[in-house]
Amino acid sequence: MEKDWLDHGITILVVILIFTVQMLITTFLVLFERKFVAWMQVRIGPNRAGPWGLFQTVADALKLMVKEIFVPRGADRTIYMLAPFLTVFPAFMAFAILPIGPSFEFVHGDKTHVVAIQGANLNVGILWLLAMSSVAVYGVMLAGWASGSKYSLLGSVRASAQVISYEAALSLSILPVLLWTGTLDLQEIVAAQSGWNWYAFGLLLIPFVSFFISGMAETNRLPFDLVEAESELVAGFHTEYGGARFMFFFLAEYINIMTISAVAVTLFLGGWNGPWVPVQADPAGWQVALGVLYFFLKTFVLLFLFIWIRATLPRMRYDQLMSFGWKILIPVNLVFLMVLAGLVVMQEVGAWPAGFFR
Amino acid sequence: MFIGAIARGMRVTWRNMFRPQVTTQYPEEVRPKPPRFHGRHVLNRYADGMEKCIGCELCAGVCPSSCIYVRGADNPPEAPVSPGERFGYVYEINFLRCIFCGLCVEACPTTAITMTNLFEMSFTDREDAIFGKDLLLVGEEGESRHEGKNYDPLSLSKRGGWMRATSPGGDADYEGIPGWPSDAGRGVETAETGQHNLPSVNAEGSQEGSGAVSEGYP
């Protein structure tokens, strides 16, 4: 099907929409986190900027943006300036491949246009996410190296070691889904989970839990936040950053949290699937809206879980972190992957009842 | 791996989320101060309006951080400032140096200087940290000349317990005993009822939402 100007216009519109929503959600995610953590610590939390402190993050961002830009002596100027963008850019890009709502069609003139609420429907799908999260490590690593400070360097060394270790566990917990569905296309993965066949509810609960844990490590969230361990490394790799550049690191961190949650929703919790939103060729407008709502609702539940865990668990020791990643998560995932591969083969040769667990 | 322990911890944080918050919204809501709070000082008056300070400089002598400067002068016979020979002509406390130990209160032979529950003393200039008699001396009605926001000038009650407990005429178990002739403010006051019923010492409604806090005092 040849794409005309309308299709391109729709794509641009959807991309702008996703970007805006992403920024908005990230802004409020910071506030939600602060609020929830405050409540769990029997505090009130930010409540001064706007009603219920709603504009706290906006105020913080404005403050950071007007602050002086400085480069510490001994820093590698070019790389120092570049690193925050290397971190924030992949964070935005990773979210672009996720189908947020059901695709719908509309007829304009004599042509039918398909609108996918998705930044880009890549045929490599989930591979893009892995690629982008790997690129994001460079930003952290270069930031630590270029700062010319021991804390930054230690933080970034820890960050790269941790992220590379848990990247393996993350990929290994995505593989069962790909094996089970037989595709990398995220639209098809979501469609395969329609009607309560959410993967987290079945055999794929183990990769879901493993994905969530390694996602936490990947985004340097609290039980795994050795990267910016305040009590040891001041602030880790972004010790020497301030103002707008610090804001980019901060932004990237929260976008990554949201992306990991959204990917977990897409892969394991049925994406935009839910009651009254079946996978069909031409859904009604309210069904599209409901699907988008389901997607963000599920993402929010996972985000709350992130925050809840952050408010509860203390930081892991570095050797525990590494041994947990390499000696528990990766072997468990490998064994599970082999068992699952066996099951799939058995189903294909008919030794296992078809439709069982599927 | 520690799943039970993690679940228990998660339950604690979950439960905490629905408990009433302990935060005091400070500028709007002030926690009641304990009766023996070491706030800023005032210079008191007798019931007839005479100043209690006799300019003896014992407070300045005992002050470990040398933050008090006193210069006494002879009372003018036709219009005496204090009963007796001399009065405190200059009385200055540098609150950047003061450590609020209260030794001056113990040293004072006439209870002229006492501590209060007032604590809002921010200044933007080092000069402003030196409080002279114009700020330290209570007014004609026994009110403190304090510039804090949450402040009722006539609230200078129940702040002398510590002084009573440590002064020679006082009693550690000071409840119900007017162990000393007077207290901050003006004139002679009735005996304290003890610390069990903390009065609302500051702005109206300061007790609201902070009941748990006042229970903390014995």
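Just so it is clear, the structure is predicted and the values come from calculations on it, not from any experiment.

Let us look at the overall build of chain A. In terms of regular secondary structure, chain A is built from 11 helices and 2 strands. Shown N-terminal to C-terminal, the secondary structure of chain A runs as helices and strands in the order α-α-α-β-β-α-α-α-α-α-α-α-α. Buried positions account for 51% of the 358 residues belonging to chain A. By sequence separation, contacts in chain A at least 24 residues apart represent 77% of the contacts at least 6 residues apart. Counting only carbon and sulfur atoms, one obtains 71% of the accessible surface of chain A, whose full area is about 16,500 Å².

Our focus in this paragraph is the overall build of chain B. Looking only at helices and strands, chain B has 6 helices and 5 strands in total. Along the chain direction, N to C, the helices and strands of chain B fall in the order α-β-α-β-β-α-β-β-α-α-α. Buried positions account for 45% of the 218 residues belonging to chain B. Residue pairs at least 24 apart in sequence account for 67% of intrachain contacts in chain B once pairs closer than 6 positions are excluded.

As a further point, take the environment of Leu-170 of chain A. Residue and element names in this part refer to chain A. For Leu-170, the location among the structural elements is in helix α5 (residues 150-181). On a C-alpha basis, the gap between Leu-170 and Leu-130 in space is 8.5 Å, while along the polypeptide they are 40 residues apart. Look past the residues within four positions of Leu-170 in its chain and what remains in contact with it is Leu-130, Phe-211, Ser-214, Gly-215 and Glu-218.

Turning our eyes to something else, we now look at the sheet that holds strand β3 (residues 86-94) of chain B. Residues and elements named next belong to chain B. Taken together, 3 strands build an open sheet; the order of strands is β2-β3-β5 and the sheet is antiparallel. Unpaired on one side and paired on the other, β2 (68-74) and β5 (130-131) mark the two borders of the sheet. One ladder, built from 7 bridges, connects β2 with β3; its direction is antiparallel. When the sheet's bridge partners are listed, Val-70 is paired in β3 with Tyr-91.

All names here are of chain A. Taken N-terminus to C-terminus, the directions of helix α4 (residues 126-146) and α5 make an angle of 175°; their axes are 8 Å apart at the nearest point. Relative to α5, the element α4 is oriented roughly antiparallel. On α5, the residues that touch Ile-126, Leu-129, Leu-130, Ser-133, Ser-134, Val-137, Val-140, Met-141, Gly-144 and Trp-145 of α4 are Ser-152, Leu-153, Ser-156, Ala-159, Ser-160, Val-163, Glu-167, Leu-170, Ser-171, Ile-174 and Leu-178. Classifying every residue of the contact of α4 with α5 by side-chain character gives 13 nonpolar, 7 polar and 1 charged.

Our next topic: the packing of aromatic side chains. Scanning the model with the defined rule gives 24 aromatic pairs over all chains in all. Judged by centre distance (5.8 Å) and plane angle (35°), the rings of Phe-246 of chain A and Phe-250 of chain A are tilted. Placement of the pair is Phe-246 of chain A and Phe-250 of chain A together in helix α9 (residues 243-268), with a separation of 4 residues, close to one helical turn. Given the relative accessible area of 21%, Phe-246 of chain A is considered partly exposed. The class of Phe-250 of chain A is partly exposed, set by a relative accessible area of 31%. Each ring, one from Phe-95 of chain B and one from Phe-131 of chain B, has its centre 4.7 Å from the other, and the planes form 75°; the classification is edge-to-face. A residue pair is termed long-range when its members are at least 10 positions apart, and Phe-95 of chain B in the loop between β3 and α3 (103-107) and Phe-131 of chain B in strand β5 qualify at 36 residues. The exposure class of Phe-95 of chain B is buried, given its relative accessible area of 7%. Three or more aromatic residues joined by ring pairs make a cluster, and in this case those are Phe-32, Phe-36, Trp-39, Phe-300, Phe-304 and Trp-308 of chain A together with Trp-14 and Phe-18 of chain B. Directly above the ring of Trp-198 of chain A sits Lys-298 of chain A, whose terminal nitrogen or CZ lies 3.8 Å from the centroid.

Another point: the pattern of salt bridges. Within this structure, the stated rule accounts for 7 salt bridges over all chains. Close ionic contact of Asp-319 of chain A with Arg-317 of chain A constitutes a salt bridge, the shortest N to O distance being 2.8 Å. We note a salt bridge from Lys-133 of chain B to Glu-51 of chain B, for which the minimum N-O separation is 2.8 Å. Within this pair, whereas Lys-133 of chain B is found in helix α4 (residues 133-136), its partner Glu-51 of chain B is found in the loop between β1 (41-43) and α2 (58-62), the two being separated by 82 residues in sequence. In terms of burial, Lys-133 of chain B and Glu-51 of chain B fall into one category: buried.

It is worth spelling out a nonpolar patch on the surface at this point. Residue and element names in this part refer to chain A. Where nonpolar side chains cluster on the molecular surface, the patch consists of Phe-55, Val-58, Leu-62, Met-65 and Val-66 and spans about 500 Å² of accessible area. Following the sequence through the fold, Val-58 ends up in helix α2 (residues 56-65). Note on Val-58: relative accessible area 36%, which makes it partly exposed.

Residue and element names in this part refer to chain B. Where like charges cluster on the molecular surface, the positive patch consists of Arg-8, Arg-11, Arg-15 and Arg-19. Mapping Arg-15 onto the fold places it in helix α1 (residues 3-16). Given the relative accessible area of 47%, Arg-15 is considered partly exposed.

Residues and elements named next belong to chain A. Where strand β1 (residues 104-108) lies against strand β2 (residues 111-115), 5 bridges are found, and the strand directions are antiparallel. Each bridged residue has a counterpart across the sheet, and for Phe-106 the counterpart in β2 is His-113. In this structure, the hairpin formed by β1 and β2 is closed by a connection of 2 residues, where Gly-109 is found at a positive phi of approximately 65°.

Attention now moves to the interface of chain B and chain A. Each partner contributes residues to the interface: chain B has 15 residues there, and chain A has 16 residues. With both sides pooled, the region where chain B packs onto chain A buries about 1,500 Å², and carbon together with sulfur makes up 69% of that total. Of all residues in chain B, Met-10, Met-17 and Gln-21 of chain B give up the largest surface area on contact with chain A, accounting jointly for 37% of the area buried on that side. At the boundary of chain B with chain A, the tally comes to 0 salt bridges. Tallied by class, the residues present in the side of chain B that touches chain A amount to 7 nonpolar, 6 polar and 2 charged.

Bringing α4 of chain A into the picture now. Residues and elements named next belong to chain A. Taking 1.5 Å as the rise per residue, α4 with 21 residues should run 30 Å; its terminal C-alpha atoms sit 31 Å apart, in good agreement. All of the buried residues along α4 are Ile-126, Leu-129, Leu-130, Met-132, Ser-133, Ala-136, Val-137, Gly-139, Val-140, Ala-143, Gly-144 and Ala-146. Close packing links the buried residues of α4 with α3 (77-95), α5, α6 (186-192), α7 (205-218) and α9. Positioned one or two residues after α4, Gly-148 has a phi angle of 70°, which is positive.

Once that is clear, we can look at the confidence of the model for chain A. Considering every residue of chain A, the mean pLDDT works out to 83; 97% of them sit at 70 or more. By mean pLDDT, the top-scoring element of chain A is α7 of chain A (88), and the lowest-scoring one is helix α8 (residues 230-233) of chain A (71).

This part takes up the confidence of the model for chain B. All names here are of chain B. Here chain B averages 72 in pLDDT, while 65% of its residues score no lower than 70. For the stretch residues 177-182, pLDDT sits under 50, and the model shows 21 contacts to residues farther than four places along the chain or on other chains. Per-residue pLDDT stays below 50 along residues 198-218; that stretch engages in 33 contacts with residues further than four places along the chain or on separate chains.

Bringing the environment of Pro-76 of chain B into the picture now. As for its placement among the helices and strands, Pro-76 of chain B is situated in the loop between β2 and β3. Linking Pro-76 of chain B and Phe-87 of chain B, residues 11 residues apart in sequence, is a C-alpha distance of 9.5 Å.

What counts, and where the lines are drawn
- Residues numbered from 1 in each chain as written.
- Chains lettered and ligands numbered in written order.
- Predicted model: local features only at pLDDT ≥ 70, side-chain atom pairs only at ≥ 80, totals over all residues.
- Heavy atoms only, no water.
- Helix = DSSP H or I, 4+ residues; strand = E, 2+ residues; numbered from the N terminus.
- Buried < 20%, exposed > 50% of the residue type's maximum accessible area, 1.4 Å probe, protein only.
- Contact = heavy atoms within 4.5 Å.
- Areas by Shrake-Rupley, 256 points an atom, 1.4 Å probe, with all protein chains shown as cover.
- Pairing = 2+ DSSP bridges.
- Axes fitted to C-alpha atoms, helices over the stretch in contact; angles between N-to-C directions.
- Parallel < 35°, antiparallel > 145°, perpendicular 65-115°, else oblique.
- Nonpolar A, V, L, I, M, F, W, Y, C, P; charged D, E, K, R; others polar.
- Phe/Tyr/Trp six-rings, centres within 6.5 Å; stacked < 30°, edge-to-face > 60°.
- Lys NZ or Arg CZ within 6 Å of the ring centre and 35° of its normal.
- Salt bridge = Lys/Arg side-chain N within 4 Å of Asp/Glu carboxyl O.
- Patch = residues over 30% accessible without salt bridge, like charges linked within 9 Å, V, L, I, M, F, W, Y side chains within 5 Å.
- Lys, Arg positive; Asp, Glu negative; His and termini not counted.
- Charge placed at Lys NZ, Arg CZ, Asp CG, Glu CD.
- Buried area = accessible area lost by both parts, 1.4 Å probe.
- Expected span 1.5 Å × (residues − 1).
- pLDDT = per-residue confidence, 0-100.

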